[in-house]
Amino acid sequence: MTDELRQRIADAIRPTMLMGLQDAELFDAPGAERIGEWVDWISNKVTEVLQSDLDQLRGRIHSLHKYVPDADYCDLCSNHGDITWPCATVRALDGPPEPAPAVHVGGNAEDCPACDGTNPPYLFICPGPDSEEA
Ligand SMILES: [Zn+2]
Ligand SMILES: [Zn+2]
């Protein structure tokens, strides 16, 4: 696995580096800038390869945790006493749920969570719940 991963990373960066570094002059400040650009490019390429592996692994783990609609829990984790959905593993894989977007409540904009942080025009009146803007 490690050799195979190392090989895929090498394959991902080798062709571009072989072309891009032919006759490269890497001296002094311009060279340092060029090397810095290569470091950024290489780290992005390696991250792409690793992120793809992580996404596949996450998908494989996810597929083991199946929702049982009638019981409203994870089939696998219910064997270990976790009778919630999403189960602890799925919550850990997916991260916290997105918070619901704030809704305009109307009235004084200072009392509205959706207006918070915005700069509504004077008189600072919230556009209200029928407003399109969030
Ligand atoms: Zn589970
Ligand atoms: Zn508002």
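Read on for a plain summary of the structure. (Residues numbered from 1 in each chain as written. Chains lettered and ligands numbered in written order. Predicted model: local features only at pLDDT ≥ 70, side-chain atom pairs only at ≥ 80, totals over all residues.)

Attention now goes to the overall build of the chain. Looking only at helices and strands, the chain has 4 helices and 4 strands in total. Against the globule reference of 14 Å for 134 residues, the chain gives a C-alpha radius of gyration of 26 Å, more extended than a compact globule. By its C-alpha atoms, the chain is 65 × 55 × 20 Å across when sized along the principal axes. Among the 134 residues that make up the chain, the fraction classed as buried is 7%. Looking at the chain alone, contacts between residues at least 24 apart form 26% of all its contacts between residues at least 6 apart. (Helix = DSSP H or I, 4+ residues; strand = E, 2+ residues; numbered from the N terminus. Rg over C-alpha atoms; globule rule 2.2 N^0.38 Å. Buried ≥ 20, exposed ≤ 12 C-beta atoms within 10 Å, placed from the backbone. Contact = placed C-beta atoms within 7 Å.)

Counted at 1.5 Å a residue, the expected span for helix α2 (residues 28-64) with its 37 residues is 54 Å, and the 54 Å between its end C-alpha atoms agrees. Among the 37 residues in α2, 0 count as buried, and that is only a small part of the element. (Expected span 1.5 Å × (residues − 1).)

So, on to the environment of leucine 5. Along the chain, leucine 5 falls in helix α1 (residues 2-20). Taking the C-alpha atoms as reference points, leucine 5 and aspartate 53, 48 residues apart in sequence, are found 9.2 Å from one another.

Moving on: the packing of α1 against α2. The N-to-C vectors of α1 and α2 enclose an angle of 135 degrees; their axes lie 10 Å apart at closest approach. Taken as axis vectors, α1 and α2 run oblique relative to one another. Classified by chirality, the crossing of α2 by α1 is right-handed. Residues Arg8, Ile9, Ala12 and Ile13 of α1 lie in contact with α2, whose contacting residues are Ile42, Lys45, Val46 and Val49. Across the contact of α1 with α2, the residue classes tally to 6 nonpolar, no polar and 2 charged. (Axes fitted to C-alpha atoms, helices over the stretch in contact; angles between N-to-C directions. Parallel < 35°, antiparallel > 145°, perpendicular 65-115°, else oblique. Left-handed = near helix turned anticlockwise from the far one by under 90°. Nonpolar A, V, L, I, M, F, W, Y, C, P; charged D, E, K, R; others polar.)

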